[in-house]
Amino acid sequence: EADIYQTPRYLVIGTGKKITLECSQTMGHDKMYWYQQDPGMELHLIHYSYGVNSTEKGDLSSESTVSRIRTEHFPLTLESARPSHTSQYLCASSDYGVQFGYGYTFGSGTRLTVV
Amino acid sequence: TQLLEQSPQFLSIQEGENLTVYCNSSSVFSSLQWYRQEPGEGPVLLVTVVTGGEVKKLKRLTFQFGDARKDSSLHITAAQPGDTGLYLCAGDTGNQFYFGTGTSLTVIP
């Protein structure tokens, strides 16, 4: 069973549309992340949050924005989707105790296609 | 510049064979993790190694953290088709985790 939920799983939209990818976790983790991944490739960090009202941009330049109003919820928004945004988006959360074996918990991802 | 390089990038082997995947960096990490990802799903944590020189075993999988905490290896004994997937290492610099370039493993029955 998943403790971190992403919706939708698959999304096909037209260029210029505004979309929000949802991510919720039930573990009470303070840290949450958004990664972008092309099929079978490495993960690129696009946004992260260390708690409510805390958001930072990651290493990969992104035209998306995020918000963290509640601990459990970390949505990602694209104001105007473009074909270059076509990718898989993965949400993850972690506990501060990663050094004790608690790693990232990932959602199943949202596969976004912009046509 | 990629902080963590994994090799090989692709690996296709027969069921029953052994294999080793490498994760290398010039940076020191406070901990390093290995994940396996199946198509259409998110990565799933396999193990975390913390101490330089540490060896952890998980059934047929053996993980080793380099003495200098800059590299790691994953060895699979008698690979099975269920081992097929993308293997990712991730190093903790203390500020954030950086993921490796990934090794795509296919085990042929």
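The following paragraphs examine the structure supplied in this document. (Residues numbered from 1 in each chain as written. Chains lettered and ligands numbered in written order. Predicted model: local features only at pLDDT ≥ 70, side-chain atom pairs only at ≥ 80, totals over all residues. Heavy atoms only, no water.)

1. What about the sheet that holds strand β7 (residues 64-66) of chain A?
Residues and elements named next belong to chain A.
In step 1: One open sheet holds the four strands; their spatial order is β1-β3-β8-β7, and the pairing between them is antiparallel. Where the open sheet ends on each side, the last strands, each with one partner, are β1 (4-7) and β7. The average angle at which neighbouring strand axes cross in this sheet is 15°, direction not considered.
In step 2: By the bridge criterion, three bridges tie β7 to strand β8 (residues 76-78) in an arrangement that is antiparallel. The residue bridging S64 from the neighbouring strand is L78, located in β8. (Pairing = 2+ DSSP bridges. Helix = DSSP H or I, 4+ residues; strand = E, 2+ residues; numbered from the N terminus. Axes fitted to C-alpha atoms, helices over the stretch in contact; angles between N-to-C directions.)

2. Re the interface of chain A and chain B
In step 1: Listed per partner, the contact involves 21 residues of chain A and 22 residues of chain B.
In step 2: Summed over both partners, the interface of chain A with chain B buries about 1,700 Å², with 49% contributed by carbon and sulfur atoms.
In step 3: Here chain A is connected to chain B by one salt bridge.
In step 4: Of the charged contacts in the structure, one is a salt bridge between R9(A) and E41(B), with a shortest N-O distance of 3.7 Å.
In step 5: Linking chain A with chain B are four residue pairs in polar contact (both at pLDDT 80 or more). (Contact = heavy atoms within 4.5 Å. Buried area = accessible area lost by both parts, 1.4 Å probe. Salt bridge = Lys/Arg side-chain N within 4 Å of Asp/Glu carboxyl O. Polar contact = N/O pair within 3.5 Å; in protein donor to acceptor, adjacent residues only side chain to side chain.)

3. Some details on the nonpolar core
In step 1: L19(B), L32(B), W34(B), F63(B), L74(B), I76(B) and L105(B) are the most contacted members of the largest nonpolar core, which has 21 residues in total.
In step 2: At the level of secondary structure, the elements contributing two or more residues to this core comprise β3 (19-24), β4 (31-37), β5 (44-49), β7 (61-65), β8 (71-76), β9 (85-92) and β11 (103-108) of chain B.
In step 3: In terms of nonpolar packing, the next biggest core, distinct from the first, is built from 17 residues, I46(A), V66(A), F74(A) and V114(A) among them. (Core = buried A, V, L, I, M, F, W, Y, C linked by side-chain atoms within 4.5 Å. Buried < 20%, exposed > 50% of the residue type's maximum accessible area, 1.4 Å probe, protein only.)

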